[in-house]
Amino acid sequence: MPSPDPTYVPTPADKFTFGLWTVGNPGRDPFGEPTRPRLDPVDIVRRLAGLGAWGVNLHDNDLVPIDATASERDAIVSTFRAALAETGLCVPMATTNLFSDPVFRDGAFTAPDAAVRAYALQKTLHAIDLGVELGASTYVFWGGREGAEVDAAKDPIEAIKRFREAMNFLCAYVKDQRYGLRFALEAKPNEPRGDIYFPTTGAYLGFIETLDHPEMVGVNPEVAHEHMAGLNICHAVAQALDAGKLFHIDLNDQKAGRFDQDLRFGSESIKALFFLVKLLEDSGYDGPRHFDAHAYRSESPEGVWDFARGNMRTYLILKDKVRRFGEDAEIQSLLEEIHTSSGEGPPTSYSRASMESLKSRTFDRQVLAAKTLPYERLDQLVVDLLLGVR
Ligand code: GLT
Ligand code: MN
Ligand code: MN
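Residues numbered from 1 in each chain as written. Chains lettered and ligands numbered in written order. Predicted model: local features only at pLDDT ≥ 70, side-chain atom pairs only at ≥ 80, totals over all residues. Heavy atoms only, no water.

Thoughts on the pattern of salt bridges
Applying the stated criterion across every chain yields a total of 23 salt bridges. Taking the shortest distance from any N to any O, the salt bridge between Glu 281 and Lys 319 comes out at 3.9 Å. Residue Glu 281 is located in helix α10 (residues 270–283), and its partner Lys 319 is located in helix α11 (residues 303–327); the two are separated by 38 residues in the primary sequence. Using a relative accessible area of 24% as the deciding quantity, one classes Glu 281 as partly exposed. On the accessibility criterion, Lys 319 (33% relative accessible area) is partly exposed. When the shortest N-O distance is used, the salt bridge between Glu 330 and Arg 390 registers 3.0 Å. (Salt bridge = Lys/Arg side-chain N within 4 Å of Asp/Glu carboxyl O. Helix = DSSP H or I, 4+ residues; strand = E, 2+ residues; numbered from the N terminus. Buried < 20%, exposed > 50% of the residue type's maximum accessible area, 1.4 Å probe, protein only.)

Here's what the structure looks like:
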């Protein structure tokens, strides 16, 4: 096994990506104006490439203003493509901004106004074309405005049907154009809406199976969004992996019970994110590791790049800890002890015979209940490992 790089410096092989909207976040919040100047997408591409990132992701309007003419659009896109070619950075994922413009104040694909729904669909067709032109293979849908504050005003079943119609239309478009694009649906429980439809990754995993082309559609779980809902991100991602639906992932951090903070990866939940990195690495997930986070509002323009470096460094440190976990003899022997069964397990498949034999088997409940589970020792070893004293 090659010796690990102790410097934790990323390379494109790590597949780290950032959004134009993440490192480009100017520090605006609901109570305050921007604290940093807007960054040119071309400069972002150069800086990210210099730091060892693999790719850059974007919403249509992160690059092309919503009111740009066709020729303005083409000029912007060709300058951007030149920067990608110069640096070797790729665009693995693209998405649509269906939340900033006032037209989407009451939803996009689920808006009560049919003309708004049509506009949202048209905007997405153009944005898909843009993403494909830039080489994207994954297309994310985050329905930030698809929700409600006033449930009296809307039928939530109708909203689900409308969202399904939009997804079916767009899948058909991708097939018709022969684009090699897969969709990844991103859940969030609330903010900016009082409640957002499809609040969790699990909700989307159920919904996907009701689509015309479920094989084209997966999920894009975000750490902060599952933590906002009080859920375990590792378990949500495990369900997506088991279903073959982890098409993308948004890595960041979040204090539980707060607004969506989009904090630097690993700035809060070291243990939970250690297990997330372990899951991603052990499962063989080979998609992008996208950091959907932004620097503190108090950070300087130059400090944004410390933020960018920090996300990648922490991922690599945790990945190294995963390796050590696997090589740690004491941890592994505890795991072996924990995973040793007290007797034969249940039948792996049903047959009359296996059922009858199970029915007639006798179990000593006291023996089963007395098996030791040294979780205190195991968890402390993990804490020691993460705190660097092991
Ligand atoms: C927005 C949101 C993110 C989504 C982005 C994709 S935009 O910043 O908070 O979680 O992933 O639309
Ligand atoms: Mn996200
Ligand atoms: Mn978020």
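Concerning the coordination of the manganese ion (ligand 2)
Within the protein, the atoms that donate to the manganese ion (ligand 2) are Glu 186 (OE), Glu 222 (OE), Asp 250 (OD) and Asp 292 (OD), at distances of 1.9 to 2.2 Å. For the manganese ion (ligand 2), the six donor atoms in the first shell make angles of 75 to 164 degrees at the metal, so the coordination geometry reads as octahedral. Going along the chain, you hit the donors of the manganese ion (ligand 2) in the pattern E-x35-E-x27-D-x41-D. A separation of 4.6 Å is found between the manganese ion (ligand 2) and the manganese ion (ligand 3), which are bridged by Glu 222. Taken together, the residues span a long stretch of sequence, with Glu 186 in strand β6 (residues 182–186) and Glu 222 in the loop between β8 (217–219) and α8 (223–228) at a distance of 36 residues. Accessibility expressed as a relative area gives 6% for Glu 186, which makes it buried. (Donors = N, O, S within 2.8 Å, 3.2 Å for Na, K, Ca; no water. Tetrahedral: all angles 85-135°; square planar, octahedral: opposite > 155°, others 65-115°.)

So, the site of ligand 1
Close to ligand 1 lie Trp 21, His 59, Thr 95, Phe 99, Trp 142, Glu 186, Glu 222, His 225, Asp 250, Asp 260, Asp 262 and Asp 292, which account for all nearby residues. Separating an oxygen atom of ligand 1 from a side-chain N or O atom of Glu 222 is a distance of 2.8 Å. The separation between an oxygen atom of ligand 1 and a polar side-chain atom of Asp 292 is 2.8 Å. Out of a free accessible area of 310 Å², ligand 1 has 92% covered by protein chains. Its residues placed into classes, the shell around ligand 1 shows three nonpolar, three polar and six charged. (Near = heavy atom within 4 Å. Polar contact = N/O pair within 3.5 Å; in protein donor to acceptor, adjacent residues only side chain to side chain. Areas by Shrake-Rupley, 256 points an atom, 1.4 Å probe, with all protein chains shown as cover. Nonpolar A, V, L, I, M, F, W, Y, C, P; charged D, E, K, R; others polar.)

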